[in-house]
Protein chains: 2
Amino acid sequence: MTTIKDIARRANVSDATVSRVINNSPNVKPQTREKVNKAIEELNYYPNSLARGMRSKKTHSIGLLLADITNPFYAETAKTIIERAGNHGYSIILCTTNNDISEQQKYIDVLLQRKVDGFIFASVHWKDPSLSAVIEAGLPYVLYNRKTSAYKRSNYVVLDNELGAYLAVEHLYKLGHRRIALIRGPHTFSTGKERSNGYLKALKEFGLSHDEKLIVQGKYSGKESYDSAMKLFNSNKPPTAIFASNDLMALRAYDAALFCGLSVPRDVALVGFDDIEIASHRAIGLTTVSQNRNLMAEIALDTLRKIIENESPQEPAQVVLKPMLTVRETCGSQMKKI
Amino acid sequence: MTTIKDIARRANVSDATVSRVINNSPNVKPQTREKVNKAIEELNYYPNSLARGMRSKKTHSIGLLLADITNPFYAETAKTIIERAGNHGYSIILCTTNNDISEQQKYIDVLLQRKVDGFIFASVHWKDPSLSAVIEAGLPYVLYNRKTSAYKRSNYVVLDNELGAYLAVEHLYKLGHRRIALIRGPHTFSTGKERSNGYLKALKEFGLSHDEKLIVQGKYSGKESYDSAMKLFNSNKPPTAIFASNDLMALRAYDAALFCGLSVPRDVALVGFDDIEIASHRAIGLTTVSQNRNLMAEIALDTLRKIIENESPQEPAQVVLKPMLTVRETCGSQMKKI
DNA sequence: TTGTACGCGTTATCAT
DNA sequence: ATGATAACGCGTACAA
């Protein structure tokens, strides 16, 4: 293993000078710089990040915590973050929590030991004690997608989920639907709770009765929402439309509908949330609430970078993005006969 | 920041003893151990991974290089690797190369600086000079999914891609198809080349003529294969069936078919490769070549761990998994009239 | 502009 | 079973 000392010897300078060259210090004579660079080339030297991190207290690494990388929403935002981070000299240590708060806790501890420069969370629970370790350590962090109950003191970039859900239900209402079901996400996450709120708000505004039998539970991944949709279809008064708290859940409901011999949208209309890539496939054509994932991810990363690099404890950056409804085939375009 | 020294003082022992406790050395009196643990608790101490890595020459981190995390195949294998690695005390630094060899080179350099204990590659090109830096550094690495031309000297776990493609074409042939097109993946990857070979082998075996007009080019992600499929459909002698080199490409072809007003499978049959989750959705029902992704990912990680932890330069672990054809709806079940 | 010398936090070696 | 000390590779005050 070749170190800074080897380069120093080879170039007939001191370690300090080599260090200066590596770190682009202005105070080094062009000739010396060249001598050193030549030695670096010849010996195929590259600096040791561990040693640099120890001295400089900066590792140029960031912990990224996601619920589930197989969910396209997370995969796409992770891609954006990883690439953008790489362009700025940061590496991403990726952890997937499966929405398990104790797993998240463990990962946080590990990342703290590894001296990451900061955290990006897309995985937080509404009540999330695991963040306190990060706060105690004084490390910067940014939330995206979800926020915690302590959001007022955090940096975050989220969607106006309530509005998104409202738009979805409004669309269904205007198409003539009156029995609109909700497959809700877990209320232990801000997204789940807020989207449910948007659904309820729309119901209220349009004078629709709040029927508990039309609200079923789902998880963001896994097949629980398939079963929940089945329950809906098999009830004695099935809904004519379903709003699901994310696209994966809507897709499961779609699958269940087909299993029941139901036609979408003729027998049941469907709206999802996220606008994942497959939603636009012509065999699916899922009407859904779109959000600008990439922008969200970019803002999250850039915010964190700014905090890391400025050090100054500035006021929290809190961004709320606006959703859009993307209309495709799963709701049809005709008025429903009431 | 509390260090080992603080603990030592607090517990009235030496740094060395604290270190022994942390590392579960057997040579420490139970009472002392307890004293130390108490101090650790009280001062909320956790060790610094950078310092440990410097001394012990082990960082318990692994570089994982993927082409594209938004491809479900990679997302699912990454999930498996991350979780399994976490359970064994390893962190994963994830890098996405976009199939760009110079990006990969850059990431490798960064990971070398970071002193990862080893590499897992799912992103290699058939001719891939970027790996030489890893080899020179003497670091262990394992390939999965794809291999390089130097595979005989590598550890790898891959699928029998040729067999997979053969099974796909065989299925189509037995259903009566005689004009079977191929949307091939890039031949710069072993997967692309091998799957094309399987296609050709089947053609030959069944006495079908090798028609260059039936072979079009695609990339594993992006929409190039949509355009390629369009070319196929708009030709003067369109195929009655298409085999695509992965599911994402097959899905694009499906989309193109629907755009052209073609019915799947009535007008054109479709087979993909990978069996990603959405393939089994009832609105899609993609017939495809299945592979045991999780097993592949597990073997890749476990192999690497074994090498890292044994240190002994054992002989390469080389595993070739067998594919299976999963028949769904996109080929129909009836014989094609010839 | 360059060099000297120390310290970051830990583990390994050698004593005791 | 425990302690003293050196060393890992680098950056940075300070001196020259």
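Here we come to the overall build of chain A. Check the secondary structure of chain A and you find twelve helices and twelve strands. In summary, chain A has a C-alpha radius of gyration of 26 Å against a globular reference of 20 Å for 338 residues, an excess of more than 25%. Classification of the 338 residues of chain A by burial places 54% in the buried group. Entry remark: accessible area of chain A is about 15,000 Å², with carbon and sulfur atoms responsible for 50%. Computed over 45 positive and 35 negative side-chain charges, the separation of the two mean positions in chain A equals 2 Å.

All right, on to the side chain of Thr288 of chain B then. Residues and elements named next belong to chain B. Within the element layout of this structure, Thr288 appears in strand β10 (residues 287–290). From its side chain, Thr288 meets the backbone nitrogen of Phe273 in a polar contact 3.0 Å long. In contact with Thr288, other than residues within four places in its own chain, are Asp247, Val271, Gly272, Phe273, Asp274, Asp275, Met324, Leu325, Thr326 and Arg328.

Right, let's talk about the domain arrangement of chain A for a bit. Residue and element names in this part refer to chain A. For chain A, the domain assignment lists domain 1 (56–158 + 292–322) and domain 2 (161–291). Relative to domain 2, the C-alpha centre of domain 1 lies at a distance of 29 Å. Each side of the interface is counted separately: domain 1 has 16 residues, and domain 2 has 18 residues. Overall, the association of domain 1 and domain 2 removes approximately 1,300 Å² of surface from exposure, summing both partners, and the carbon and sulfur fraction of that is 51%. Together, Asn71, Arg146 and Arg293 form the three largest contributors to the area buried by domain 1 at its contact with domain 2, with a combined 29%. Here domain 1 is connected to domain 2 by zero salt bridges. Counting across the domain 1 and domain 2 interface gives five residue pairs in polar contact (both at pLDDT 80 or more). Within the residue set of the side of domain 1 that touches domain 2, elements represented by two or more residues are α5 (72–87) and α12 (293–310). Its residues assigned to classes, the side of domain 1 that touches domain 2 shows five nonpolar, five polar and six charged.

Another aspect to go through is the protein's contact with DNA strand C. DNA strand C sits among 26 residues. The nearest are Arg20, Thr32 and Arg55 of chain A together with Ile4 and Tyr45 of chain B. Among the atoms of DNA strand C lying within 4 Å of the protein, the sugar-phosphate backbone contributes 61%. Here Arg52 of chain B contributes a side-chain N or O atom positioned 2.7 Å from a phosphate oxygen of DNA strand C. Looking at the surface near DNA strand C, the elements that each hand over two or more residues are α2 (15–22) and α4 (49–56) of chain A together with α1 (4–11), α2 (15–22) and α4 (49–56) of chain B. Taken together, the residues of the surface near DNA strand C sort by class into ten nonpolar, nine polar and seven charged.

The end-to-end C-alpha distance of helix α6 (residues 101–113) of chain A, which contains 13 residues, comes to 19 Å, matching closely the 18 Å that a straight helix rising 1.5 Å per residue would cover. Those residues of α6 of chain A lying buried are Gln104, Tyr107, Ile108, Leu111 and Leu112 of chain A. Buried residues of α6 of chain A, seen end-on, are gathered within an arc of 140 degrees and therefore sit on one face of the element. Looking at the buried residues of α6 of chain A, the elements they touch are β1 (61–66), β2 (91–96), β3 (118–121) and α7 (131–136) of chain A together with α5 (72–87) of chain B. Between the side-chain oxygen of the N-cap and the backbone nitrogen of Ser102 of chain A there are 2.7 Å, and the N-cap of α6 of chain A in question is Asp100 of chain A. Immediately downstream of α6 of chain A, the backbone of Lys115 of chain A shows phi near 60 degrees, a positive value.

Let us look at unusual backbone geometry. Residues and elements named next belong to chain A. Cis rather than trans, the peptide bond between Val264 and Pro265 has omega equal to 10 degrees. Tracing the backbone shows Pro265 in the loop between α11 (247–259) and β9 (269–274). With a phi angle near 55 degrees, Asn24 is a residue other than glycine that sits in the positive phi range. Looking at the secondary structure, you find Asn24 in the loop between α2 and α3 (30–43). Accessibility expressed as a relative area gives 61% for Asn24, which makes it exposed. Unlike most non-glycine residues, Asp274 shows phi in positive territory, near 130 degrees. In this fold, Asp274 is placed in strand β9.

In the superposition of chain A on chain B (RMSD 0.1 Å, axial shift 0.0 Å), the rotation amounts to 180 degrees. Overall, the copies show the geometry of a two-fold rotation axis. Across chain A, the smallest distance between a C-alpha and the rotation axis is recorded for Ile93 of chain A, namely 2.2 Å. An overlap of 100% is found between the interface residues of chain A and their copies at the interface of chain B, pointing to a shared contact surface.

Contacts between the two partners involve 51 residues from chain A and, on the opposite side, 52 residues from chain B. A buried area of about 4,500 Å², summed over both sides, lies between chain A and chain B, and 57% of it is on carbon and sulfur atoms. Area buried by chain A at its contact with chain B is led by Leu50, Arg114 and Arg282 of chain A, which between them contribute 16% of it. Put simply, chain A and chain B have six salt bridges between them. For the salt bridge of Lys79 of chain B with Asp68 of chain A, the shortest nitrogen-to-oxygen distance reads 3.2 Å. In this assembly, chain A and chain B are joined by 22 residue pairs in polar contact (both at pLDDT 80 or more). Sorting the residues of the side of chain A that touches chain B by element identifies α4, α5, β2, α6 and α11 of chain A as the ones contributing at least two each. The residue inventory of the side of chain A that touches chain B, partitioned by class, reads 25 nonpolar, 15 polar and eleven charged.

The description of two aromatic rings rests on the distance between their centres and on the angle between their planes. All names here are of chain A. Enumeration over the complete set of coordinates arrives at 18 aromatic pairs over all chains. Here the aromatic rings of Phe189 and Tyr220 are separated by 6.1 Å at their centres, their planes lie at 20 degrees, and the arrangement is stacked. With a gap of 31 residues between them, Phe189 in the loop between β6 (180–184) and α9 (190–205) and Tyr220 in the loop between β7 (215–217) and α10 (224–234) connect regions that are remote in the sequence. Aromatic rings pair up to connect Phe119, Phe121 and Tyr141 into one cluster. Stacked on the ring of Tyr166, the Lys or Arg Lys201 has its end atom at 5.5 Å from the ring centre.

For Asp68 of chain B, the location among the structural elements is in the loop between β1 (61–66) and α5. In this structure Asp68 of chain B comes out as buried when scored by relative accessible area, which is 7%. Here the side chain of Asp68 of chain B touches Thr70 of chain B through a polar contact of 2.8 Å, side chain to side chain. Once you skip the residues sitting within four places of it in the chain, Asp68 of chain B turns out to touch Lys79 of chain A together with Tyr74 and Ser221 of chain B.

Calculation rules
Residues numbered from 1 in each chain as written. Chains lettered and ligands numbered in written order. Predicted model: local features only at pLDDT ≥ 70, side-chain atom pairs only at ≥ 80, totals over all residues. Heavy atoms only, no water. Helix = DSSP H or I, 4+ residues; strand = E, 2+ residues; numbered from the N terminus. Rg over C-alpha atoms; globule rule 2.2 N^0.38 Å. Buried < 20%, exposed > 50% of the residue type's maximum accessible area, 1.4 Å probe, protein only. Areas by Shrake-Rupley, 256 points an atom, 1.4 Å probe, with all protein chains shown as cover. Lys, Arg positive; Asp, Glu negative; His and termini not counted. Charge placed at Lys NZ, Arg CZ, Asp CG, Glu CD. Polar contact = N/O pair within 3.5 Å; in protein donor to acceptor, adjacent residues only side chain to side chain. Contact = heavy atoms within 4.5 Å. Domains from an automatic or database assignment. Buried area = accessible area lost by both parts, 1.4 Å probe. Salt bridge = Lys/Arg side-chain N within 4 Å of Asp/Glu carboxyl O. Nonpolar A, V, L, I, M, F, W, Y, C, P; charged D, E, K, R; others polar. Near = heavy atom within 4 Å. Expected span 1.5 Å × (residues − 1). Arc of directions from axis to C-beta. Least-squares fit on C-alpha atoms with pLDDT ≥ 70 in both. Phe/Tyr/Trp six-rings, centres within 6.5 Å; stacked < 30°, edge-to-face > 60°. Lys NZ or Arg CZ within 6 Å of the ring centre and 35° of its normal.

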